[in-house]
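In case you want the letters, here they are:
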Amino acid sequence: MMKKSTSASKASLVLFLCQMISALDVPLDSKLLEELSQPPTITQQSPKDYIVDPRENIVIQCEAKGKPPPSFSWTRNGTHFDIDKDAQVTMKPNSGTLVINIMNGGKAEAYEGVYQCTARNERGAAISNNIVIRPSRSPLWTKEKLEPNQVREGDSLVLHCRPPVGLPPPIIFWMDNAFQRLPQSERVSQGLNGDLYFSNVQPEDTREDYICYARFNHTQTIQQKQPISVKVLSTKPVTERQPILLTPTGSTSNKVELRGNVLLLECIAAGLPTPVIRWIKEGGELPANRTFFENFKKTLKIIDVSEADSGNYKCIARNILGSTHHVISVTVKAAPYWITAPRNLVLSPGEDGTLICRANGNPKPNISWLTNGVPIAIAPEDPSRKVDGDTIIFSDVQERSSAVYQCNASNEYGYLLANAFVNVLAEPPRILTPANKLYQVIANNPALLDCAYFGSPKPEIEWFKGVKGSILRGSEYVFHDNGTLEIPVAQKDSTGTYTCVARNELGKIQNEVQLEVKDPTMIIKQPEYKVIQRAGQVSFECTIKHDPTLIPTVIWLKDNGELPDDERFLVGKDNLTIMNVTDEDDGTYTCIINTTLDSVSASAVLTVVAAPPTPAIIYARPNPPFDLELTGQLERSIELSWIPGDENNSPITNFVIEYEDGLHEPGVWHYQTEVPGTQTTAQLKLSPYVNYSFRVIAVNEIGRSQPSEPSEQYLTKAANPDENPSNVQGIGSEPDNLVITWESLKGFQSNGPGLQYKVSWRQKDFDDEWTSVIVANVSKYIVSGTPTFVPYEIKVQALNDLGYAPEPSEVIGHSGEDLPMVAPGNVQVHVLNSTLAKVHWDPVPLKTVRGHLQGYKVYYWKVHSLSRRSRRHVEKKILTFRGNKTFGMLPGLEPYSSYKLNVRVVNGKGEGPASPDKVFKTPEGVPSSPSFLKITNPTLDSLTLEWGSPTHPNGVLTSYILKFQPINNTHELGPVVEIRIPANESSLILKNLNYSTRYKFYFNAQTSVGSGSQITEEAVTIMDEVQPLYPRIRNVTTAAAETYANISWEYEGPDHANFYVEYGVAGSKEDWKKEIVNGSRSFFVLKGLTPGTAYKVRVGAEGLSGFKSSEDVFETGPAMASRQVDIATQGWFIGLMCAVALLILILLIVCFIRRNKGGKYPVKEKEDAHADPEIQPMKEDDGTFGEYSDAEDHKPLKKGSRTPSDRTVKKEDSDDSLVDYGEGVNGQFNEDGSFIGQYSGKKEKEPAEGNESSEAPSPVNAMNSFV
């Protein structure tokens, strides 16, 4: 218990409130409530402002309850009101209600005043509101002489009403001598003050009977003003005028309205043509769903105003000649309204508690406290209470602390008064559940055994099984706060007697209940799908097994409805038989077995097929009925008759009657009723205030006819509504409100004009009086200032101009939810293994949830790995556990890691505060596989292994395990060798291996828990160290132009390699661009390059990981204004080529002549006579010419091999390589990559040197080109 403190600091107050023990809940048991002492509670009282009819007795209500029953007393104008001294005043027996006898000589004016009722018993005193009694008044009109009004056509006019001041104010309307309401329009309308405004007068406005009436509803009287005469003087032409405002006057005005009331703003303008009124809110929008325009948009109506509706509202009057406007500055004030009204406290001796009284308003209301109707400052001292502003704190209360406290919140616009008692009870335990109550459940279902109890202090509850059984504990039972024992999965052996024991310091009591667990009902043979011909017979079986103590009932359904009432359907004990099957029998048949404890069902489909075909008869829909006639017209019924149309070979089975409401929904037809096809008349029920017309539709097996022609119309009289709105609900949208919604009545359901709704509500279980408000034809009303999440009784009643609908039924709703107040406590974590943990927590008290409990959320996240202390981005995970669950499993945890978690309670509003973070650690697990395994540096007898540590070690690595075995040519595996490697190693050289042998390696890591998953790889020792087996690409060369470049290379390695070229801008950090080479060519053309740009290039082979050539750098040519002149287009070059061609032609002619003579051309002899190596003959095997003879006519000329840059000669070059056709990187190419330069030859043993594309071609090469 907290010690008393003289400090009034807010910090100590908050700390004290956090340590409060929750008050007792008193069960709503009538017998218990009759026996417990209770301070008085006001249950019914008259309204604060009570206007009475001076002709009838005055009844001032004051009802209260309490134990013992309270006595009543009254004050009038602040002093004691002695009822016994006034013969006209009596108090009802067992009640505080006063009856003042006015009908037998008393005068109501003599009893005007402020009355207050006090209800008192030995536990305290409750007081009512201050009830102001005022008799209603309906004074006569003062006599005045009314002069006739003469006004020119087109001018404006105001007819003043000036009704007498009554209580309450009268309702004003204008009529003529015939008691007919004067027609109103945009031009002529009545203002809020009752005056009649003409924006412009017309000749038809001339009349002598403009009469203003004042209706005083309280006294049911109507007062009439003398008739007013108006004469309109016609003038030609009529002058048009721009708008001016008749009301309000000036350019601005002010308006103050109270929160929750209806705001009415009015602007009426004169002008010709008649002005049109438009409304806007400066700096904002008019509130949606609460804004209405009345009186031809001259009146702006905003319902349920709040502080947010304050601001400037502008009305604009406009016609074709111009416009005018007026700004109304609206200020919304607020009478006090509840944020948290004080609630009754029931405490045990020694307990603590609080009364909280919080209200709001504009201006902020003052809070004052009374105890038993006396200001707390002058009331007797109570050491157990301490007042701190809007809160009274109770500590260590005793029975003498019982009292009724009043909280008064007031400002200049009104006040709120609430009674809340503190009832200190010392009661021994009581068990409210009947003795030996029998509970029956089906096996494997939950069993709930009640033990409703009460006691003060709150008793402790224990359960036993059997008379002398031990106390029940363990996870197989759930013990609820209300005393209920839950067996989540009841079994047959759960049957027996259970004893509930309740004890506190004042006593002990016990009660026994019985539990019987029954066998479930089962269908052991279900109905099956059947196909049957018409006129056949079919049977469905449904055999069941059930507990022998339960009596089952079997129900058969067709298409989820009752079986047809037809003798062809025979229901047996275990089956359903259908005789003489027809097409209508097609459908789904279901057997349902019900017992008092469970229900099972099974279904099967019946398909009816056609019997053998018979000659076809033409069937058609019937013709529409005709000659409709209405007779026997009454207020709620009428008789309709008709003549049927042709059946068209298919008998009419029924007639469908539809109606149209020409008053509410013209053109829309609704279903009214159906009658059999043999009937041609129907007695129809009617609703009030509907303009009916009817039509009839004939139906046969083929379909529906066209509708008949409509009947004549019949208008029914208006009446009270017959029904109330449906689907009434109360759900709060904010913590301090209650949103009441309903489905409005449709069209004719209103039964008359002026449909409205009376919305009533009161807090459940508090016996407060109903609070009511009448709203327009809407479907929602918001009650503000409610306590957070409390139940309310709600009802919505329809009414119209003729009266009320029947009394509506009540529904239960709840005010708005707020976020939960407290976090779950006693959070415990049990780590089950390296990846799974179980978390437990204590449920939060339901009162602190402040809403519908949806469940609990567990937030958990990894802080760091215990094997690697490096922190990472925290990713929180969330698991949601529905309902009032107090434990949950956390799967998917990472081994050997540190985690944190917290738990939060969730309601419909959101999440509550988090519990303190709980730290837990997962044990070690097995590691993941090593991140990589590479085998490099193969020799004749050794291989080098390199590896990376596991991505997830899941603990402390103890070692690596390497296993390997040889694989022969037939892929058979040899013996396995295993090696254990220390955990700090990352490479290993394996020696003494067989040469030219393939090995398979298996590699994994270990922790103290065990081995992780393995990674495998294969490698081969080499056969010959002189010639490596791995491939290579070398001698990458480029020939570049402005926008393209030819890339060529040399490749050594396995056949059928697929090449690709990668390139990019030299010096750039951009990613390499990749182009695929078609086939196995050793050249490629890069297109779309930027002129004058340096590029880097390299060549790789697909499928050979990491295998690429060294990089080469080249530069494209600069962009030219015109293309470079080709040497082949120069005149001197063309002349030279013509001379060479002529020389060759002469030489060929000479050779041809000599050949015809049978001789040989002595080329070889001439060549042998000269020692100059430049003109040595070319051999066949090296691409040179030998002797020219007949035998060698068809031998192809071989191209000369290009000498590589490393000065070694390749024996076999690819014939496809473009290196064979040019000698330097500056050879000329077309854009498609074809070579356009001269072929040039070189001596075989002369090394390639630099750029030689500018050499003049030799005659031998020229001949190669020609041939």
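Everything discussed here concerns the structure shown above.
Residues numbered from 1 in each chain as written. Predicted model: local features only at pLDDT ≥ 70, side-chain atom pairs only at ≥ 80, totals over all residues. Heavy atoms only, no water.

1. A short note on the overall build of the protein chain
Moving on, step 1. Within the protein chain, the regular secondary structure consists of six helices and 92 strands.
Moving on, step 2. Expressed as a percentage of the 1267 residues in the protein chain, the buried residues total 40%.
Moving on, step 3. Residue pairs in contact within the protein chain that sit at least 24 positions apart in sequence constitute 64% of those at least 6 positions apart.
Moving on, step 4. A total of about 69800 Å² of accessible surface is found on the protein chain, and carbon and sulfur atoms cover 51% of it. (Helix = DSSP H or I, 4+ residues; strand = E, 2+ residues; numbered from the N terminus. Buried < 20%, exposed > 50% of the residue type's maximum accessible area, 1.4 Å probe, protein only. Contact = heavy atoms within 4.5 Å. Areas by Shrake-Rupley, 256 points an atom, 1.4 Å probe, with all protein chains shown as cover.)

2. Brief notes about empty space enclosed by the protein
Moving on, step 1. Counted according to the given criterion, the structure contains one cavity of 30 Å³ or more.
Moving on, step 2. Approximately 30 Å³ is the volume found for the largest cavity.
Moving on, step 3. Looking at the largest cavity, the residues that line it are Pro40, Thr41, Ile42, Asn344, Val404, Asn419, Ala420 and Phe421.
Moving on, step 4. Those elements giving two or more residues to the lining of the largest cavity turn out to be β1 (38-45) and β37 (414-424).
Moving on, step 5. Grouping the constituent residues of the lining of the largest cavity by class yields five nonpolar, three polar and no charged. (1 Å grid on protein atoms, 1.4 Å probe; cavity = no way out; pocket = protein on both sides within 12 Å on 5 of 7 lines; lining within 4 Å. Points joined across faces, edges and corners; volume = space filled by probe spheres on them. Nonpolar A, V, L, I, M, F, W, Y, C, P; charged D, E, K, R; others polar.)

3. Section: the sheet that holds strand β57 (residues 626-631)
Moving on, step 1. Sheet architecture is open: three strands sit in the order β57-β58-β61, paired in antiparallel fashion. The open sheet has two edge strands with one neighbour each: β57 and β61 (681-685). Across the sheet, the mean angle separating the axes of adjacent strands is 25 degrees when strand polarity is ignored.
Moving on, step 2. Of the pairings in the sheet, the one linking β57 to strand β58 (residues 637-643) comprises four bridges and is antiparallel in character. (Pairing = 2+ DSSP bridges. Axes fitted to C-alpha atoms, helices over the stretch in contact; angles between N-to-C directions.)

4. Observations regarding the sheet that holds strand β53 (residues 569-571)
What holds strands together in a sheet is hydrogen bonding between their backbones, with the strands either parallel or antiparallel.
Moving on, step 1. If you walk across this open sheet you meet the three strands as β49-β54-β53, and the pairing is antiparallel. Every interior strand has two partners, whereas the edge strands, β49 (538-541) and β53, have only one. Pairwise comparison of adjacent strand axes, ignoring direction, gives a mean angle of 15 degrees for this sheet.
Moving on, step 2. Judged from the three bridges that link them, β53 and strand β54 (residues 575-578) form a sheet pairing that is antiparallel. Each residue of the ladder has a partner; that of Phe569, found in β54, is Ile578.

5. Digging into unusual backbone geometry
Moving on, step 1. Along the chain, Leu167 connects to Pro168 via a cis peptide bond; the corresponding omega equals -5 degrees.
Moving on, step 2. The residue Pro168 is located in the loop between β13 (157-159) and β14 (171-175) in this model.
Moving on, step 3. The residue after Lys236, namely Pro237, is reached through a cis peptide bond having omega -5 degrees.
Moving on, step 4. Mapped onto the secondary structure, Pro237 falls in the loop between β19 (228-233) and β20 (241-247).
Moving on, step 5. Backbone geometry places Lys297, a non-glycine residue, at a positive phi of 65 degrees.
Moving on, step 6. Looking at the element boundaries, Lys297 is found in the loop between β25 (291-294) and β26 (299-302).

These values are about where atoms sit, not about what they do.
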